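Structural characterization, general
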Amino acid sequence: DSSLIMSSPALLVLYGSQTGTAQDTAHRVARQAQRRRLKVRVMPLDRYNPAELISEVLVVFVCSTTGQGDPPDNMKTFWRFLFKKSLPVGSLNRLDCAVLGLGDSSYPKFNFVAKKLHKRLEQLGGTMLVPVGLADDQHDLGPDAVIDPWLSAFWEKVLVLNPSLADVVPLREDEPLPPSFTFHFLDAETKRTADPVRVHSDRTAPSESCPFPARMLSNRRVTDPFHFQDVRLIEFDISGSGIGFAAGDIVMIRPQNAEEDVQLFCQLLRLDPESSFTLRTTGNAAVPARLPEPCTVRHLVECYLDIAAVPRRSFFELLSTFATDEREQEKLMEFSSAAGQEELHGYCNRPRRTMLEVLTDFPQTTAELRVDHLLDLFPEIQPRSFSITSSLKTHPERLQILMAVVLYQTKLYKPRRGLCSSWLASLDPQQGGVPVPLWVKKGTLRFPKDDRTPVILVGPGTGVAPFRSAIQQRVSEGKMDNVLFFGCRSKSKDFYFHSEWEDLTKAGSLLLFTAFSRDQEEKVYVQHRVKENAALLWDLIAQKNACFYIAGNSKQMPADVSDALKDVLQQEGRLSADEAEEMLAAMEKTGRLQQETWS
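Just so it is clear, the structure is predicted and the values come from calculations on it, not from any experiment. (Residues numbered from 1 in each chain as written. Predicted model: local features only at pLDDT ≥ 70, side-chain atom pairs only at ≥ 80, totals over all residues. Heavy atoms only, no water.)

On a plain count of helices and strands, the protein chain comes out with 20 helices and 22 strands. Seen along its three principal axes, the alpha-carbon backbone of the protein chain occupies a region of about 80 × 60 × 50 Å. In the protein chain, buried positions account for 50% of the 599 residues. Contacts spanning at least 24 positions in sequence make up 76% of the contacts within the protein chain whose residues lie at least 6 apart. In the structure as shown, the protein chain presents an accessible area of about 28,300 Å², 51% of it carried by carbon and sulfur atoms. Measuring between centres, the 70 positive side-chain charges of the protein chain sit 4 Å from its 77 negative side-chain charges. (Helix = DSSP H or I, 4+ residues; strand = E, 2+ residues; numbered from the N terminus. Buried < 20%, exposed > 50% of the residue type's maximum accessible area, 1.4 Å probe, protein only. Contact = heavy atoms within 4.5 Å. Areas by Shrake-Rupley, 256 points an atom, 1.4 Å probe, with all protein chains shown as cover. Lys, Arg positive; Asp, Glu negative; His and termini not counted. Charge placed at Lys NZ, Arg CZ, Asp CG, Glu CD.)

What follows is about the UniProt feature "domain: FAD-binding FR-type" (unreviewed entry) in the protein chain. UniProt's entry tags residues 209-448 with the feature "domain: FAD-binding FR-type" (unreviewed entry), counted in the numbering of this structure. For residues 209-448, helix accounts for 29% and strand for 21%, while the C-alpha atoms at its two ends are 32 Å apart. (UniProt positions renumbered as here; feature names shortened; annotations may be inferred.)

One finds Phe265, Leu300, Leu305, Phe315, Phe316, Leu374 and Phe378 to be the most contacted residues of the largest nonpolar core, which totals 39 residues. If we skip the residues at most four places from it in the chain, phenylalanine 315 touches Met355, Val358, Leu359, Leu377 and Phe378. By size, the runner-up hydrophobic cluster in this structure holds 27 residues, among which are Val13, Ala98, Leu100 and Val168. (Core = buried A, V, L, I, M, F, W, Y, C linked by side-chain atoms within 4.5 Å.)

Here serine 562 is to be found in helix H19 (residues 557-573). For serine 562, a relative accessible area of 15% corresponds to the buried category. A C-alpha to C-alpha distance of 9.7 Å links serine 562 and valine 530, two positions 32 residues apart in sequence. Excluding anything up to four places from it in sequence, serine 562 contacts Ile550, Leu584 and Gln595.

On to the UniProt feature "domain: Flavodoxin-like" (unreviewed entry) in the protein chain. UniProt annotation of "domain: Flavodoxin-like" (unreviewed entry) refers to residues 11-155 when read in the numbering used here. Taken end to end, residues 11-155 is 32% helix and 22% strand, and its first and last C-alpha atoms sit 11 Å apart.

Turning our eyes to something else, we now look at the domain arrangement of the protein chain. Each assigned domain of the protein chain is listed with its residue range as follows: domain 1 (10-165), domain 2 (212-256 + 383-441), domain 3 (259-377) and domain 4 (455-597). Centre-to-centre separation of domain 1 and domain 3, based on C-alpha positions: 27 Å. Across the boundary between the two partners, domain 1 contributes 15 residues, which contact 12 residues of domain 3. Around 1,000 Å² of area is buried between domain 1 and domain 3 when both sides are counted, 40% of it from carbon and sulfur atoms. It is Asp24, Arg31 and Leu141 that lose the most area in domain 1 upon contact with domain 3, and together they represent 41% of the buried surface on that side. Connecting domain 1 to domain 3 are 4 salt bridges. For the salt bridge of arginine 313 with aspartate 144, the shortest nitrogen-to-oxygen distance reads 3.2 Å. (Domains from an automatic or database assignment. Buried area = accessible area lost by both parts, 1.4 Å probe. Salt bridge = Lys/Arg side-chain N within 4 Å of Asp/Glu carboxyl O.)

Read across the open sheet, the 5 strands follow the order S20-S19-S18-S21-S22; overall the sheet is parallel. Among the strands making up the open sheet, the edge pair consists of strand S20 (511-516) and strand S22 (593-597). Each strand of the sheet is rotated relative to its neighbour by a mean of 10°, with strand direction disregarded. (Pairing = 2+ DSSP bridges. Axes fitted to C-alpha atoms, helices over the stretch in contact; angles between N-to-C directions.)

A separate point is the pattern of salt bridges. Tallying each qualifying case throughout the model produces 36 salt bridges. For glutamate 259, the salt bridge identified is with arginine 298, shortest N-O distance 3.2 Å. Of the two residues, glutamate 259 is situated in helix H6 (residues 259-268) and arginine 298 in helix H7 (residues 297-303); the sequence distance between them amounts to 39 residues. Here lysine 479 ties to glutamate 477 by a salt bridge, and the two come within 3.1 Å at their closest N and O atoms. The class of lysine 479 is buried, set by a relative accessible area of 7%. According to the relative accessible area criterion, glutamate 477 is partly exposed, its value standing at 32%. Three or more residues are tied together by salt bridges with common partners; here these are Arg28, Arg31, Asp144, Asp148, Arg313 and Glu317.

The next thing to look at is the side chain of threonine 278. With respect to the helices, strands and loops of the structure, threonine 278 is situated in strand S11 (residues 276-281). Taking relative accessible area as the criterion, threonine 278 reaches 19% and is therefore assigned buried. Setting aside residues up to four positions removed in sequence, threonine 278 forms contacts with Thr182, Phe183, His184, Leu186, Glu293 and Pro294.

As a further point, take the sheet that holds S11. Spatial strand order, S7-S11-S12: 3 strands in an open sheet with antiparallel pairing. Strands at the two margins of the open sheet, each flanked by one partner only, are strand S7 (181-185) and strand S12 (295-296). Relative to S11, S7 is paired through 5 bridges, and the arrangement is antiparallel. Residue pairing in the sheet places phenylalanine 185 in a bridge with phenylalanine 277 of S11.

Before going further, it helps to examine helix H18 (residues 534-543). Within H18, burial applies to Ala534, Leu537, Trp538, Leu540 and Ile541. One side of H18 holds all its buried residues, which, seen down the axis, span an arc of 165°. One or two steps after H18, the chain reaches asparagine 545, where phi turns positive at roughly 60°. (Arc of directions from axis to C-beta.)

Put simply, helix H8 (residues 313-320) and helix H9 (residues 326-336) touch, their axes get as near as 8 Å, and they point 145° apart. Between H8 and H9 lies a crossing of left-handed hand. Only Gln329, Leu332, Met333, Phe335 and Ser336 of H9 make contact with H8, whose side of the interface consists of Arg313, Phe316, Glu317, Leu319 and Ser320. Residues belonging to the contact of H8 with H9 are distributed by class as follows: 5 nonpolar, 3 polar and 2 charged. (Left-handed = near helix turned anticlockwise from the far one by under 90°. Nonpolar A, V, L, I, M, F, W, Y, C, P; charged D, E, K, R; others polar.)

It is worth spelling out the layout of surface pockets at this point. Considering only enclosed or pocket space, the second largest pocket measures out at about 960 Å³ in volume. If you go around the second largest pocket, you meet 34 residues; those closest to its centre are Gln68, Pro108, Lys109, Glu588 and Gln595. Looking at the lining of the second largest pocket, its residues break down into 11 nonpolar, 14 polar and 9 charged. When we break the lining of the second largest pocket down by domain, the ones giving at least three residues each are domain 1 (10-165) and domain 4 (455-597). (1 Å grid on protein atoms, 1.4 Å probe; cavity = no way out; pocket = protein on both sides within 12 Å on 5 of 7 lines; lining within 4 Å. Points joined across faces, edges and corners; volume = space filled by probe spheres on them.)

Looking at the secondary structure, you find proline 294 in the loop between S11 and S12. Residues proline 294 and phenylalanine 185, 109 residues apart in the sequence, show an inter-C-alpha distance of 9.0 Å.

Set out below in structure tokens:
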């Protein structure tokens, strides 16, 4: 009955997402609303005008937390607006809302953004329908362990507030929802030559919507040929791009799918890679700005659809609505259900099975797929971030990264490959090659302006990347007080940049301590070297006001190094455990202790 639907509230779902998980969850909430026949809009927080919140009635916020408790990039503007002191208390008192946070409890600032957002909305007069949801990646069943019950509680509350919704017959779970877009294929005559990538113009700095197509100049393996890990030092030419960066900044690179995957996908879905199409929206979703108009199927599959990613549960939910084969449908329904999550983890998450591989496992359902649903089924390829490992002072018009090639075996026959690192590693600068779309963003590490402030840098493995940039920049500015703790497996296998460190040490602009964990009987790590040099470090920190930095990709290392630093403060500064803890907290607050870690 349409009168019922007119009186029910329109739902707005706003998300802040860094890697696409919060975006995926936001769309899941929207699909549940569609099945309840509610009007619904979904968008990233920074595409929404926050001043309009005062006239909204029902909003769900889904957001992740990045780095050291920071909001994701696509909600930074919203965040600044919401925390303006001038916003009147009570300005949101018409609003019913709820906040769902996606986090990882192995990081200290677990779900910090969601907790802070919940509190602030409450301050401004919003009615919080349910307590803030704190989903955790570390849970055995992943974030869904929290999301499922949270969503049930949310919908129960919405029903209580809008009793008329109880009379609406929802769409069945197995009925497909209409696609967000329709594809309109062009016949051979009307094919205009499409510009495949929006190339950045000189007027603006390169950005996510307008990356700079950089030429790769070199792609060199920097680990011993017999070492188990392949690590590359890659250099890009950024002349003419207008890109500037400082030590600690990050380069964002958006990878492409492998040619064999593109071919297989097009075969499975019986698509002609050379055909061209335009997209039309069926509701209020914006056509992706990154896709050219018209666009070829090849470009869509190669540069946009993340077909080699491990699928999320939502992928199976959508697939199950297209299944006509009973056996396949039953399996897909099980994987989409709350009860089937352990089973899904065993099938997908643990062996890291890709969406493409899932399609080959469900041939009947794959044959039923309509091209219109592709953008609902497959997420967009997300950009990857790398610490920049060079300084413009030492390498003008160049940008370098230190990259481990991700390659490992699970129980599946084919080895698993990291999408971005495999793609970059496969490019050969001698062949002229593919331009790599990239842009730069501010990192979280900040280095001292004052010439006299020493820095202590702890960067094992590829964690040393941002510190090479910092050391190059500092030495070129005449800042000589640089202490580096570097750790790796073996002096002869993975000691990155060793000849550079040697030259700097000889020149008196670097003090280097190394830990080669496998070169002797007992394993030695950077935290051991930190403890051994307690007197030196205490002098630098207490007398010379030094700043202390930790970077790297191990889950345990940052905590171990912080503990070693705490021991140094207790031993040399004669502090109690509590005082040392307080001193570390104070250093962190003032930026004298900073870390950047990635998993």
